[in-house]
Amino acid sequence: MEALIPVINKLQDVFNTVGADIIQLPQIVVVGTQSSGKSSVLESLVGRDLLPRGTGIVTRRPLILQLVHVSAEDRRKTAGEENDPATWKHSRHLSKGVDAEEWGKFLHTKNKLYTDFDEIRQEIENETERISGNNKGISPEPIHLKIFSPNVVNLTLVDLPGMTKVPVGDQPKDIELQIRELILRFISNPNSIILAVTAANTDMATSEALKIAREVDPDGRRTLAVITKLDLMDAGTDAMDVLMGRVIPVKLGIIGVVNRSQLDINNKKSVADSIRDEYAFLQKKYPSLANRNGTKYLARTLNRLLMHHIRDCLPELKTRINVLAAQYQSLLNSYGEPVDDKSATLLQLITKFATEYCNTIEGTAKYIETSELCGGARICYIFHETFGRTLESVDPLGGLNTIDILTAIRNATGPRPALFVPEVSFELLVKRQIKRLEEPSLRCVELVHEEMQRIIQHCSNYSTQELLRFPKLHDAIVEVVTSLLRRRLPVTNEMVHNLVAIELAYINTKHPDFADACGLMNNNIEEQRRNRMAREVSSATSRDKVSYMPPAVGDGNPESGTGNWRGMLKTSKAEEILAEEKSKPLTVLPASPQKGHAVNLLDVPVPVARKLSAREQRDCEVIERLIKSYFLIVRKNIQDSVPKAVMHFLVNHVKDTLQSELVGQLYKALLLDDLLTESEDMAQRRKEAADMLQALQRASQIIAEIRETHLW
């Protein structure tokens, strides 16, 4: 299991190269208030003076410190692998680089090795000032340092700036909030272990480190407390209760350490001497706890905790890396490869777009919309739901009233009184009603045209992602298809207009459906006439009505009951009901041009209010029935023929000619370079995605190399 920590260090290095923070790796994060001894604890773990020290805020950038245990053989191997030979041509460097037992390496200095730990400390100070300035400012950008030594255990630690309250120097007014957010960013990682450092000469209950640790780890499953400055407690007090966990219990334990004082540092006291003095102090003051406290015990505990923590995190980490690798592979595929053969690429993109456009209409596209109807399905909905229902809602007698019909009949007879209802009046009125079908038919064409436009956007967004790489090509394709649709719109409108004009051109009163309807109505009216005549004789009705009946009886025409609509000049029961409804005085005003009527009855003065005669009622009803019957036949024809015309002249024509239109207008040598110009940031995004994918694949390979035996 010892091999797990180097594995995590390798992963850390892989992701550092791409500057990404998408994978949360297991690591130990050191938190505490300013000057509580965080950096001193880290130095004790390393066993060398390598961190800047002093009073006030010294750590002003996160320091990610990887400790790597190396033996003599590993040291020679590592030195040979990790260093550029050209860097060590100088004899001074050569002697230090190859023969040194311990060395360090920064990420930002690439392959340069540091064997002098004073140089490491100076480099940390220089790098901190380069980013954070030289007057107490802080920065969230981390410094990466790797220490190779036979005297350390494998650990990955993060040293953070200490929590403070009052800004000093160039620090902003919200320095407390900035540092808090920086700390939370690291300890919120569920794969991190929190090392909460608290000075022994302060009350444990006021520990800011434990407080902030509990915010992200309320159960304490990944928090370890470290008590520093045990030798600086007031005379007569000790930390026995704190170290035993009686004051504030911490699940992972509480470990006390004694660090070097500032005087010891000034006097160049070595870390090894400090650890010996620490052991002697613990034996003297806390003999019963000496074997469970101190820097060496802390190092072993951290190593054990980190190994177990990595073991627990590894399965989830492996899954996360594989998922991200698949996502970035998909992203890279969407960006496409750099264009080599522009001619072939252009032809391929045009063909693919045309195919996807046609497939969307046919309903065979790869990307099927689930939130709304689109393409061919929406066109079908327009034909059979929108257009069909609109036609059905058109009233056959809409806009016609009894006076209109009566006036039309009288105008059609001229100066002679008519014995029969004139055919001309029927034709004039039915044409007027048929004309009303033209507007919804043209609206149907417009709706289908709009949907054909929407399909262009659908194909761009869902089907042909490659087009997004070439915005100019995308715009050109949209323009060509829009132009093609625009040219087909007048042709289709003309055809639909002609369909209505064809129906208006010839009123076919011999239409089988119309003849059947007339025959049925004629039989109905004949039966109702006999019933009515019987009632009229018995009730001695008025002379006008009786005398008006004979002309319609003895016609002798063999077609009178089989479909000739003149045979319907017989009074029906419905006419009686209509007469009763209209028994109230009816105001008949002279028709005026303002109301759109013909000259009313050749200006013959009429009574202001009178009842309609039975014959007038009968004539009006006959005309209404004929209009309704013939209108339904025409509406059925229009409802069937308009969708067919739209499909032939607009939809199918565009499908058949789209590709040839695109190739003809866009596949030209002069346009190649311009159309296939990528958007400015596409190359950059492709490179970033490729680098990240490579890092994830390398990380997946590193984890895959771990044998199952390493986990236990």
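Residues numbered from 1 in each chain as written. Predicted model: local features only at pLDDT ≥ 70, side-chain atom pairs only at ≥ 80, totals over all residues. Heavy atoms only, no water.

Turning our attention to the overall build of the chain. A tally of helices and strands in the chain yields 23 helices and 11 strands. Expressed as a percentage of the 712 residues in the chain, the buried residues total 45%. Sequence-distant contacts, at least 24 apart, represent 82% of the contacts inside the chain between residues at least 6 apart. Approximately 36,300 Å² of the chain is accessible, and the part contributed by carbon and sulfur atoms is 52%. (Helix = DSSP H or I, 4+ residues; strand = E, 2+ residues; numbered from the N terminus. Buried < 20%, exposed > 50% of the residue type's maximum accessible area, 1.4 Å probe, protein only. Contact = heavy atoms within 4.5 Å. Areas by Shrake-Rupley, 256 points an atom, 1.4 Å probe, with all protein chains shown as cover.)

Note on placement: Ser-36 falls in the loop between strand 1 (27-32) and helix 2 (38-46). Classification of Ser-36 by relative accessible area gives buried; the value is 2%. Here the side chain of Ser-36 touches Thr-33 through a polar contact of 2.8 Å, landing on its backbone oxygen. Not counting residues up to four positions away in its chain, the partners in contact with Ser-36 are Val-197, Thr-228 and Lys-229. (Polar contact = N/O pair within 3.5 Å; in protein donor to acceptor, adjacent residues only side chain to side chain.)

What follows is about the sheet that holds strand 8 (residues 223-228). Sheets are built from strands that pair by backbone hydrogen bonding, the pairs being arranged parallel or antiparallel. Judged by pairing direction, the sheet is mixed, and its 9 strands sit side by side in the order 4-3-5-2-6-1-7-8-9 without closing on themselves. Two strands in the sheet have a free side with no partner beyond their single neighbour: strand 4 (113-114) and strand 9 (254-256). Note: strand 1 against strand 6 (residues 155-159), 3 bridges, orientation parallel. Looking at strand 6, one finds that Val-29 is bridged to Val-158. The sheet strands contacting helix 6 (residues 175-187) are strand 1, strand 6 and strand 7 (192-199), and the helix crosses strand 1 at an angle near 155°. Docked against the sheet, helix 7 (residues 208-216) engages strand 1, strand 7 and strand 8, running at close to 155° with respect to strand 7. (Pairing = 2+ DSSP bridges. Axes fitted to C-alpha atoms, helices over the stretch in contact; angles between N-to-C directions.)

Strand 1 sits mainly inside the fold: 6 of its 6 residues count as buried. Of the two faces of strand 1, the one lined by Gln-27, Val-29 and Val-31 and the one lined by Ile-28, Val-30 and Gly-32 are each fully buried. Pairing geometry for strand 1 and strand 7, over 6 bridges, is parallel. Paired with Ile-28 across the two strands is Ile-193, which belongs to strand 7.

Moving on, we get to the nonpolar core. Core analysis: the biggest nonpolar cluster contains 69 residues, and Tyr-357, Leu-473 and Leu-662 have the highest contact counts within it. Mapped by element, the contributors of at least two residues to this core are helix 12 (342-362), helix 13 (376-392), helix 14 (402-413), helix 15 (423-434), helix 16 (438-463), helix 17 (471-505), helix 21 (614-666) and helix 22 (672-675). Tallying contributions element by element places helix 21 first for this core, with 19 residues. Residues within four places of Tyr-357 in sequence aside, it is in contact with Met-452, Ile-455, Ile-456, Cys-459, Val-481, Leu-485, Val-654 and Leu-658. (Core = buried A, V, L, I, M, F, W, Y, C linked by side-chain atoms within 4.5 Å.)

A few words on unusual backbone geometry. Positive phi, normally seen in glycine, also occurs at Lys-229, with a value near 60°. By the secondary structure assignment, Lys-229 is in the loop between strand 8 and helix 8 (240-243).

The next point concerns the pattern of salt bridges. Scanning the model with the defined rule gives 20 salt bridges in all. Between Glu-176 and Lys-165 there is a salt bridge whose closest N-O contact spans 3.2 Å. Taken together, the residues span a long stretch of sequence, with Glu-176 in helix 6 and Lys-165 in the loop between strand 6 and helix 6 at a distance of 11 residues. In this structure, Arg-378 engages Glu-451 in a salt bridge whose closest nitrogen and oxygen atoms are separated by 3.4 Å. Of this pair, Arg-378 sits in helix 13 while Glu-451 sits in helix 16, and the two are 73 residues apart along the sequence. Take Arg-378: its relative accessible area is 31%, and that puts it in the partly exposed class. Assessed through its relative accessible area of 2%, Glu-451 is described here as buried. Because the salt bridges share partners, they merge into one network encompassing Arg-61, Glu-127 and Arg-130. (Salt bridge = Lys/Arg side-chain N within 4 Å of Asp/Glu carboxyl O.)

Another point: helix 5 (residues 117-132). With 16 residues, helix 5 extends 22 Å from end C-alpha to end C-alpha; this agrees with the ideal 22 Å at 1.5 Å per step. Packing partners of the buried residues in helix 5 comprise strand 2 (63-69), strand 3 (103-106), strand 4 and strand 5 (143-149). Backbone nitrogen of Asp-118 and a side-chain oxygen of the N-cap are separated by 2.9 Å at the start of helix 5; the cap is Asp-116. (Expected span 1.5 Å × (residues − 1).)

Here we come to the state of the cysteines. Counted by the stated rule, this structure contains 0 disulfides. Looking at Cys-358, it has no disulfide partner, and the nearest cysteine sulfur is the one in Cys-459, 8.8 Å off. (Disulfide = S-S within 2.5 Å.)

Okay, the packing of aromatic side chains next. Summed over the entire model, instances satisfying the criterion amount to 4 aromatic pairs. The interplanar angle of 90° and the centroid separation of 5.3 Å between the aromatic rings of Phe-106 and Tyr-114 together place this pair among those described as edge-to-face. Each of the two residues, Phe-106 as well as Tyr-114, counts as buried. (Phe/Tyr/Trp six-rings, centres within 6.5 Å; stacked < 30°, edge-to-face > 60°.)

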